[in-house]
Amino acid sequence: MYKSILVAVDGSEANKLAVNTAIDIAKMQNTSLTAICVFDLGSYSTFKYGMTVDMPYMQEMIEDALKYVKEASAAAGIEVKTISKLGKPADSIIEEAKNHDLLICGTHGRTGFSRALLGSVAERVVRMAPCPVLVVRQQN
């Protein structure tokens with residue numbers, strides 16, 4: 001059914017469920033899997049005020065976020081392509097989703113004030129993605 005699956009990776013514990021779901025579907029469908037991790041420099045106040053960012057450190061953070069999907073995919077016998085970017089997560093994920101048949105992302109399931117305060121990458125991705133989106137909610 002799907003030829004190419006994209007999973008959004010943020011390195012959080014909650015995101016592991018989305019990654020595991022993507023791996024399971026890729027294995028069942030015998031399809032390719034791509035993981036994307038987008039680091040939002042704008043979320044760091046020092047960057048907002050013109051201070052420099054330690055790029056090797058940022059790259060290390062992205063690699064740490066992708067580590068789980070690489071290890072879990074290898075354990076399942078699935079090859080995964082990884083993409084790392086700096087930018088706005090929702091925009092970069094939506095752009096990359098143009099190259100895939102299914103997008104899988106996780107959500108922390110925040111509601112009310114915390115959601116309004118933090119925003120929601122998953123919500124924007126669901127509204128704007130050019131392909132079907134499977135949102136995997138963190139189990140409480």
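Whatever comes next refers back to the structure up there.
Report on the accompanying structure. Only a predicted model underlies this, so the values are computations on that prediction, with no experimental measurement involved.

Right, let's talk about the overall build of the chain for a bit. From N to C terminus, the chain includes 6 helices and 5 strands. Along the chain, helices (α) and strands (β) appear in the sequence β-α-β-α-α-β-α-β-α-α-β when read from the amino end. Partitioning the contacts of the chain with sequence separation of at least 6, the portion at a separation of at least 24 is 79%. When the accessible surface of the chain is totalled, it reaches about 8,300 Å², and 52% of it is carbon and sulfur.

What follows concerns the pairing of strand β2 (residues 32–39). Most of β2 is tucked away, with 7 of its 8 residues classed as buried. A crossover connection joins strand β1 (residues 4–8) to the parallel β2 through helix α1 (residues 15–29); in handedness this β-α-β unit is right-handed. Both β2 and strand β3 (residues 80–86) contribute to a ladder of 7 bridges, which runs parallel. Bridge pairing in β3 places leucine 33 opposite valine 80.

This part covers helix α4 (residues 89–97). Of all the 9 residues making up α4, 7 are buried; the element is thus mostly covered by neighbouring parts of the structure. Among all positions in α4, only Pro89, Ala90, Ser92, Ile93, Ile94, Glu96 and Ala97 are buried. Packed against the buried residues of α4 are β1, β2, β3, β4 (102–107) and α6 (121–128).

Let's shift gears to the side chain of serine 4. Within the fold, serine 4 resides in strand β1. Of the polar contacts made by the side chain of serine 4, one reaches the side chain of histidine 100; its length is 2.5 Å.

What follows deals with the sheet that holds β4. Reading across the sheet, the 5 strands line up as β3-β2-β1-β4-β5 and stay open at both edges, with parallel pairing between neighbours. Only two strands of the sheet have a single neighbouring strand rather than two, namely β3 and β5 (133–137). Looking at each pair of strands side by side, their axes are set apart by 20° on average, direction ignored. By the bridge criterion, 3 bridges tie β1 to β4 in an arrangement that is parallel. Note that in β4 the partner of leucine 6 across the bridge is leucine 103. Lying on the sheet, helix α3 (residues 55–76) is in contact with β1, β2 and β3; it crosses β3 at an angle near 155°. Where α4 meets the sheet, its contacts fall on β1, β2, β3 and β4, and the angle it forms with β2 comes to roughly 155°.

Quick notes on the rules
- Residues numbered from 1 in each chain as written.
- Predicted model: local features only at pLDDT ≥ 70, side-chain atom pairs only at ≥ 80, totals over all residues.
- Heavy atoms only, no water.
- Helix = DSSP H or I, 4+ residues; strand = E, 2+ residues; numbered from the N terminus.
- Contact = heavy atoms within 4.5 Å.
- Areas by Shrake-Rupley, 256 points an atom, 1.4 Å probe, with all protein chains shown as cover.
- Buried < 20%, exposed > 50% of the residue type's maximum accessible area, 1.4 Å probe, protein only.
- Right-handed = clockwise from strand over helix to strand, strands pointing away.
- Pairing = 2+ DSSP bridges.
- Polar contact = N/O pair within 3.5 Å; in protein donor to acceptor, adjacent residues only side chain to side chain.
- Axes fitted to C-alpha atoms, helices over the stretch in contact; angles between N-to-C directions.

In short, geometric facts, not functional conclusions.
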